[in-house]
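# A look at the structure
In case you want the letters, here they are:
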Amino acid sequence: MTKELDVHVLKSHTGAVNAVSFFDNDKKFVSAGDDSCLIGWSVDDKRCIYKLKGHEAPVKACSASSSGLKIVSGSWDRTVRIWDGCSTNCLWTLQHEALVLGVSFSEETSLITVCCDDKSTKVWDMRTYENVMTFTGHSNSVTCCAQNEFTVATGSLDKTIRLSDMRTGSTLLLLTGHTSAVSAVDISSDGFKLCSGSWDKTVRVWDVHAGTYRTQGPKVMYEHEGCVSSCKFAVDNKKIVSGGFDKTVIIWDALATKKRHKIRAHGSWINDIAMTAEGKWLLSCSKDRTIRMWNVENADKMPVVLHNKLSMGYKFQECVDCQRTFKVEKRDLIEVGEEYIRCVYCRMPTRSYHRLSEHDLAISATETDSEIKSIDKSEIGLATKVEA
């Protein structure tokens, strides 16, 4: 098995690429760049399918609906433009008084959240193109925003994160802890957690539902060697992906808050990242004028990832049907000493299992690197996938 991920390098922008967003049920994605244009791409063909021109300054943010009907872009020309994802026509231009630094669009609510250099965050109703709410409170430029049906999260150069009520405009939470500017925020799909990235080189996970951050603080993840520019939850909330000025992309275990994989991705700093809903494709865009499209579907099978997981005490089994390596969960145990030998996908029609010996379950978190390399193939189905 190779130690490298499959990657496609996409070039069409003539300046730094600042943002990427999947749409049309992950069949396409759009990118925004310093060349003042947006480019639509085909995921299957890995090629440019159209360019959207109209902005008069670098485009710093973009967000698209999952259906692909609408694309929203924000630029340093102080405008937000709404584009028809099918005809590629510009439907509307929303004028702002300051540089636009970030946008977030919710297809469910038809609301666009725009964060600006003037310390404000504005919410626009796409159905009427009216400014329905303006959030204030930050003491410096608002650099990033994320939203769900009820709340909007904003991060700022003032080192804080604000969680506000979309209905009343009131501030629900003020999160402090970062020691430098907050450059990225995202809300988990269930609304229970929030992740943030900062120029202090950390990614932090805040449990805003249980409120454990009040007594225990947020979970802080240190791996980036430069400013963190982007961080996002996977749709299933089990992973977080982040990119930074250290030119790397990191895939994190959102529950264990530990690194799963680190990708040396670009020749210059990374500005944004995005992941498809099923978790197969990961996009990274950079100041080096390229977009890289990574196939991370089998990233967990890579030796370095497996080693990290084994050292954390996880146990694995190789599916006898599809040969996918899957983690053995407590819920997979039928009785003491018994496990499934098929992954969850192959078990859907019928459940099949066998009894494993105690020796088969003996891999523990105390094994050293040399011990992992010397595991005999008979001891665990995973051994054929691990390289020295």
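Look up: the structure comes first, before these words.
These numbers come from a predicted model, not from an experiment.

Let's shift gears to the overall build of the chain. Each helix and strand in the chain was counted, giving four helices and 32 strands. When the 388 residues of the chain are sorted by exposure, 54% land in the buried category. When contacts within the chain are restricted to residue pairs at least 6 apart in sequence, long-range pairs at least 24 apart make up 41% of them.

Reading across from one edge, β14-β15-β16-β17 is the order of the four strands in this open sheet, with antiparallel pairing throughout. The open sheet has two edge strands, β14 (142–147) and β17 (171–175), and neither has a second partner. In this sheet, adjacent strand axes meet at a mean angle of 20° when their direction is disregarded. Here strand β15 (residues 151–156) runs beside strand β16 (residues 161–165); their pairing, made up of five bridges, is antiparallel. Opposite Val 152, over in β16, you have Ser 164 as the bridge partner.

One pass over the full model with this rule turns up five aromatic pairs. Measuring from ring centre to ring centre gives 5.8 Å for Phe 22 and Phe 29, while their planes differ by 65°; the resulting arrangement is edge-to-face. Phe 22 sits in the buried class, given a relative accessible area of 9%. Seen from their ring centres, Phe 29 and Trp 41 are 5.9 Å apart, and the 10° between their planes marks the pair as stacked. With a gap of twelve residues between them, Phe 29 in strand β3 (residues 28–33) and Trp 41 in strand β4 (residues 37–42) connect regions that are remote in the sequence. Comparing Phe 29 with Trp 41 shows no difference in burial state: the two are buried. Taken together, the ring pairs connect Phe 22, Phe 29 and Trp 41 into an aromatic cluster. Over the aromatic face of Trp 76 sits the side chain of Lys 60, whose NZ or CZ is 4.4 Å from the ring centroid. Sitting above the plane of the Trp 269 ring, Lys 287 keeps its charged end 4.3 Å from the centroid.

Taken together, the four strands give an open sheet; going across it, the order is β1-β28-β27-β26, and neighbouring strands pair in antiparallel fashion. Looking at the sheet topology across the chains shown, the edges are occupied by β1 (6–11) and β26 (270–275). With direction set aside, neighbouring strand axes in the sheet form an average angle of 20°. As paired strands, strand β27 (residues 281–286) and strand β28 (residues 290–295) are joined by five bridges and run antiparallel to one another. Note that in β28 the partner of Ser 284 across the bridge is Arg 292.

Here His 138 shows up in the loop between β13 (130–135) and β14. With relative accessibility at 8%, the residue His 138 sits in the buried group. Looking at His 138, its side chain comes within polar contact range of the side chain of Asp 158, at 3.0 Å. Within polar-contact distance, the side chain of His 138 engages the side chain of Thr 160 at 3.3 Å.

Both β4 and strand β5 (residues 47–53) contribute to a ladder of six bridges, which runs antiparallel. Paired with Gly 40 across the bridge in β5 is Tyr 50. Counted between consecutive antiparallel strands, the loop separating β4 from β5 contains four residues, among which Lys 46 sits at a positive phi close to 55°.

With respect to burial, β26 is a largely interior element, six of its six residues being buried. The sheet contact formed by β26 and β27 spans five bridges and is antiparallel. For Ile 270, the partnering residue across the bridge sits in β27 and is Ser 286. Count of turn residues in the β26/β27 antiparallel hairpin: five residues, of which Gly 279 carries a positive phi of about 85°.

About the thresholds
Residues numbered from 1 in each chain as written. Predicted model: local features only at pLDDT ≥ 70, side-chain atom pairs only at ≥ 80, totals over all residues. Heavy atoms only, no water. Helix = DSSP H or I, 4+ residues; strand = E, 2+ residues; numbered from the N terminus. Buried < 20%, exposed > 50% of the residue type's maximum accessible area, 1.4 Å probe, protein only. Contact = heavy atoms within 4.5 Å. Pairing = 2+ DSSP bridges. Axes fitted to C-alpha atoms, helices over the stretch in contact; angles between N-to-C directions. Phe/Tyr/Trp six-rings, centres within 6.5 Å; stacked < 30°, edge-to-face > 60°. Lys NZ or Arg CZ within 6 Å of the ring centre and 35° of its normal. Polar contact = N/O pair within 3.5 Å; in protein donor to acceptor, adjacent residues only side chain to side chain.

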